[in-house]
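Listed here are the chains, written in short residue letters.
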Amino acid sequence: MTSKLEQLKAMTTVVADTGDMESIRAFGATDCTTNPTLILKAAGMPQYKHLVEEAIVWGRSHNGVSSRITDRLAVNFGTELTRIVPGRVSTEVDADLSFDRDAMIDKARTLISDYEARGVGRERILIKLASTWEGIEAARVLQAESIDCNMTLMFSLAQAAAAADAGAFLISPFVGRILDWFKASTGKDYTSETDPGVLSVRQIYAYYKRYGIKTVVMGASFRNAGEIEALAGCDRLTISPQLLEELSKDNGKLERRLSPDKPGAAPARMHLDEKTFRWLLNEDRMATEKLSDGIRLFAKDLTALREMVSKKLEEAA
């Protein structure tokens, strides 16, 4: 019997949720995704010192603006990652722009331009945007320019429905963070079959497949292998190195749980304007709190990354 990881790859595109290139090589992921937290962690590893140093040297000759240097660093990592995975690399727009549609559009265009200057075509990159109303509207503009978007920090069907209507290439509903909220809120324990994060992704998957929506569903933010197994067959799953390793060592049978041929029951089709989107999000306490919390956490790590860059600039002066 092959490992559960190999069985999963036969039904789902496996994406490495890390900036650590050695982990990506080890598990043979098709795509990889990064965020400020992962870039911050990877930037502190000695094997990636040269990527950080290049960004610092570049920054010294470009006015030393830390936000531009962190963009450079993200593209440095992303460019290296495109040499490892055959598919897509996700690069995140700054979390502190999450409520500024035009600024997100400008940042996405800048990132794509930087990639293309290095010979990396836009077809290899996904621009990650927070699933705020402004982020979804930014995706609408960018998709029309053939800049494919990955809608992150997604916790509700309303966000998924709006992202689909905007033509987003891919969404990343967060499984584990939904589970975290419900465990803290209710004090209950959940199985893989009752896990609110798993159930949320299954609902979104059924909604997309039932109505022929082409946007890719990529479950993210897993807390345990059971959540992954419960979503086997989802379009894509982005998985941490720790859980990839666990799946690679498990030779048990993995059953397909999601299939486009049998998506299951789905809610009625929705087409949301801004006020309806905001109302539905407001009515979902979990989604509202986790979206806000996620933006704050990514912004905190982005600030830490900028502070690291500023310190290295001072040291190099």
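This is a predicted model, so every value here is computed, not measured.

*Asks:* Looking at this structure, I do not really get the pattern of salt bridges. What am I missing?
*Replies:* Side chains that differ in sign of charge can pair as their charged atoms come close. In total, this model carries 30 salt bridges according to the counting rule given. For Lys-249, the salt bridge is made with Glu-245, and the minimal N-O distance between the two is 3.0 Å. Glu-245 gets classed as partly exposed once you look at its relative accessible area, which sits at 36%. Between Arg-296 and Asp-293 there is a salt bridge, with its nearest N and O atoms 3.7 Å apart. A residue pair is termed a helical-turn pair when its members lie 3 or 4 positions apart in one helix, as Arg-296 and Asp-293 do in helix α14 (residues 285–316) at three residues. Members of the salt-bridge network, linked through shared partners, are Asp-71, Asp-94, Asp-96, Lys-107 and Arg-306.

*Asks:* Honestly, empty space enclosed by the protein in this entry has me stumped. Any pointers?
*Replies:* Counted according to the given criterion, the structure contains three cavities of 30 Å³ or more. Lining the largest cavity are 14 residues, and of these Pro-36, Ile-39, Thr-70, Ala-74 and Glu-92 sit closest to its centre. Listing elements by their share of the lining of the largest cavity, those giving two or more residues are α3 (36–43), α5 (66–82), β3 (89–92) and α14. Broken down by element, the residue count for the lining of the largest cavity peaks at four residues, all from α5. Looking at the lining of the largest cavity, its residues break down into six nonpolar, five polar and three charged. By volume, the second largest cavity amounts to about 40 Å³. Glu-92, Val-93, Asp-94, Ala-95, Ser-98, Met-104, Lys-128, Leu-129, Ala-130 and Leu-153 together form the lining of the second largest cavity. Element by element, the count of residues in the lining of the second largest cavity is highest for strand β4 (residues 125–130), at three residues.

Rules used in this analysis
- Residues numbered from 1 in each chain as written.
- Predicted model: local features only at pLDDT ≥ 70, side-chain atom pairs only at ≥ 80, totals over all residues.
- Heavy atoms only, no water.
- Salt bridge = Lys/Arg side-chain N within 4 Å of Asp/Glu carboxyl O.
- Buried < 20%, exposed > 50% of the residue type's maximum accessible area, 1.4 Å probe, protein only.
- Helix = DSSP H or I, 4+ residues; strand = E, 2+ residues; numbered from the N terminus.
- 1 Å grid on protein atoms, 1.4 Å probe; cavity = no way out; pocket = protein on both sides within 12 Å on 5 of 7 lines; lining within 4 Å.
- Points joined across faces, edges and corners; volume = space filled by probe spheres on them.
- Nonpolar A, V, L, I, M, F, W, Y, C, P; charged D, E, K, R; others polar.

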